[in-house]
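Observations on the three-dimensional arrangement
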Amino acid sequence: MSFGDPNPNPNNPYGQQPNQPPQGQPGYGYPQQAPQGVPPQGQPGYGYPQQPGQAPYGAPPQYPGQQPGGTLQANNGYINVAGLGTVELATMGRRLGARALDAVAYGILYVIFSAIGVASLVGASKSIEDCSSSEYGTAAYNQCMNDATDASVGILAGFLGFIAVFALIALLYEWLMVSIWGATFGKMVLNVKVVKESTGQAPGLGAGFIRWIIPMVGSLFCGLGALLVYLSPFFDNSGKLQGWHDRAGSTIVIKTK
């Protein structure tokens, strides 16, 4: 045997080392290497076609009948909501009708508080003395003017307090009732309920406040902003009849019966 002989074993006609398979041919008992771009056996790779009914590799398991919350059913007015199953979306007729009933409730409260406020203002105005009977510059005249000024300030404070109380009632009526029960009295009468799209539960204080404050801010612009918010479900192309306030609060409006 000479140095540099590539075949040290003359009895091996292939010139390969013992116990090694021929180059390019995997031998018996050696691990197989998958061709480049082919996923290992039993593990479908990214981009490879899946077997019918088989979930993609790495995806969470899906169980029979399981559907994610907020899934529409063929645009037929029904939607699958977590915790509630298949429910019917409230039509815009019901929603606007519930809003009209709530407006009537607001009107009744406004009339009651207005009557109380006007009676208080009239009584306060009668208590203001006429200072013209006193001589100008005298102590009696100055005292009369001071009393009239204090009474006027009290009337103005009472008027502002009346506005604040009515605004607080409106806040508590809409915000708290929708947040806790998912419905105001108008919605209860027409079987309409506001729920979280992801859970099917009442919105809660945070989402309920967001849903309330958006039309209230819109009402500052001569009421046109609030009107657009309440009509915005007509412009929703998702099929869920979500208004701008619904989208902000992640809520949907359903029919309960």
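Right above here is the structure, for reference.
Presented here is a report on the structure given in the accompanying data block.

What counts as what
Residues numbered from 1 in each chain as written. Predicted model: local features only at pLDDT ≥ 70, side-chain atom pairs only at ≥ 80, totals over all residues. Heavy atoms only, no water. Pairing = 2+ DSSP bridges. Helix = DSSP H or I, 4+ residues; strand = E, 2+ residues; numbered from the N terminus. Phe/Tyr/Trp six-rings, centres within 6.5 Å; stacked < 30°, edge-to-face > 60°. Buried < 20%, exposed > 50% of the residue type's maximum accessible area, 1.4 Å probe, protein only. Axes fitted to C-alpha atoms, helices over the stretch in contact; angles between N-to-C directions. Parallel < 35°, antiparallel > 145°, perpendicular 65-115°, else oblique. Contact = heavy atoms within 4.5 Å. Nonpolar A, V, L, I, M, F, W, Y, C, P; charged D, E, K, R; others polar. Salt bridge = Lys/Arg side-chain N within 4 Å of Asp/Glu carboxyl O. Patch = residues over 30% accessible without salt bridge, like charges linked within 9 Å, V, L, I, M, F, W, Y side chains within 5 Å. Areas by Shrake-Rupley, 256 points an atom, 1.4 Å probe, with all protein chains shown as cover.

**With respect to the sheet that holds strand β4 (residues 192–196)**
Read across the open sheet, the five strands follow the order β1-β2-β3-β5-β4; overall the sheet is antiparallel. Whereas interior strands pair on both sides, the edge strands pair on one side only; in this sheet they are β1 (71–72) and β4. Here four bridges tie strand β2 (residues 78–81) to strand β3 (residues 85–89), and the two strands are oriented antiparallel to one another. Note that in β3 the partner of Val 81 across the bridge is Gly 85.

**Details of the packing of aromatic side chains**
Across all of its chains, the model carries four aromatic pairs by this definition. Between Tyr 173 and Phe 185, the ring centres sit 5.8 Å apart and the planes meet at 40°, which makes this aromatic pair tilted. With Tyr 173 in helix α2 (residues 139–181) and Phe 185 in helix α3 (residues 185–189), this pair connects stretches of sequence that are twelve residues apart. Their ring planes at 40° and their centres at 5.9 Å tell us that Phe 209 and Trp 212 sit as a pair that is tilted. Note that Phe 209 and Trp 212 are positioned in helix α4 (residues 204–218) at a spacing of three residues, about one turn of the helix. Residue classification places Trp 212 among the buried positions, given a relative accessible area of 13%.

**Describing the packing of α4 against helix α5 (residues 224–231)**
Where α4 meets α5, the axes come as close as 5 Å, and the angle between the chain directions of the two elements is 135°. By the criterion of interaxial angle, the relationship of α4 to α5 is oblique. Packed against α4, whose contacting residues are Ile 214, Pro 215, Met 216 and Gly 218, the element α5 presents Leu 224, Gly 225, Ala 226, Val 229 and Tyr 230 at the interface. Residues that form the contact of α4 with α5 fall into these classes: seven nonpolar, two polar and no charged.

**Here's the deal with the pattern of salt bridges**
In the structure shown here, the tally under the stated rule is six salt bridges. With a closest N to O distance of 2.8 Å, Asp 246 and Arg 95 form a salt bridge. Of this pair, Asp 246 sits in helix α6 (residues 244–249) while Arg 95 sits in helix α1 (residues 92–126), and the two are 151 residues apart along the sequence. Taken individually, Asp 246 and Arg 95 each receive the classification buried, so the pair is uniform in this respect. One salt bridge connects Arg 99 with Glu 174, and the closest N-O pair in it is separated by 3.4 Å. Of this pair, Arg 99 sits in helix α1 while Glu 174 sits in helix α2; the two residues are 75 residues apart in sequence, bridging distant segments of the chain. When sorted by exposure, Arg 99 lands in the same class as Glu 174, which is buried.

**Some details on the pairing of β3**
Taking the residues between adjacent antiparallel strands as the criterion, β2 and β3 are bridged by three residues, where Gly 83 takes a positive phi near 85°. Sheet topology note: the β3/strand β5 (residues 251–255) ladder contains two bridges and is antiparallel. Bridge pairing links Glu 88 to Lys 255 in β5.

**What about the pairing of β4?**
The buried fraction of β4 amounts to four of the five residues, a majority that puts the element mostly inside the structure. In the sheet, β4 pairs with β5 via five bridges, with the strands oriented antiparallel. In the strand pairing of β5, Val 195 is matched with Ile 252.

**Here's the deal with a nonpolar patch on the surface**
On the surface, Leu 96, Leu 228, Phe 234, Phe 235 and Trp 244 cluster together into a nonpolar patch covering about 530 Å² of accessible area. Residue classification places Phe 235 among the exposed residues on the basis of a relative accessible area of 55%.

**Section: the side chain of Ser 179**
Looking at the element boundaries, Ser 179 is found in helix α2. By relative accessible area, which is 4% here, Ser 179 ends up buried.

Any functional reading would require information that these geometric values do not contain.
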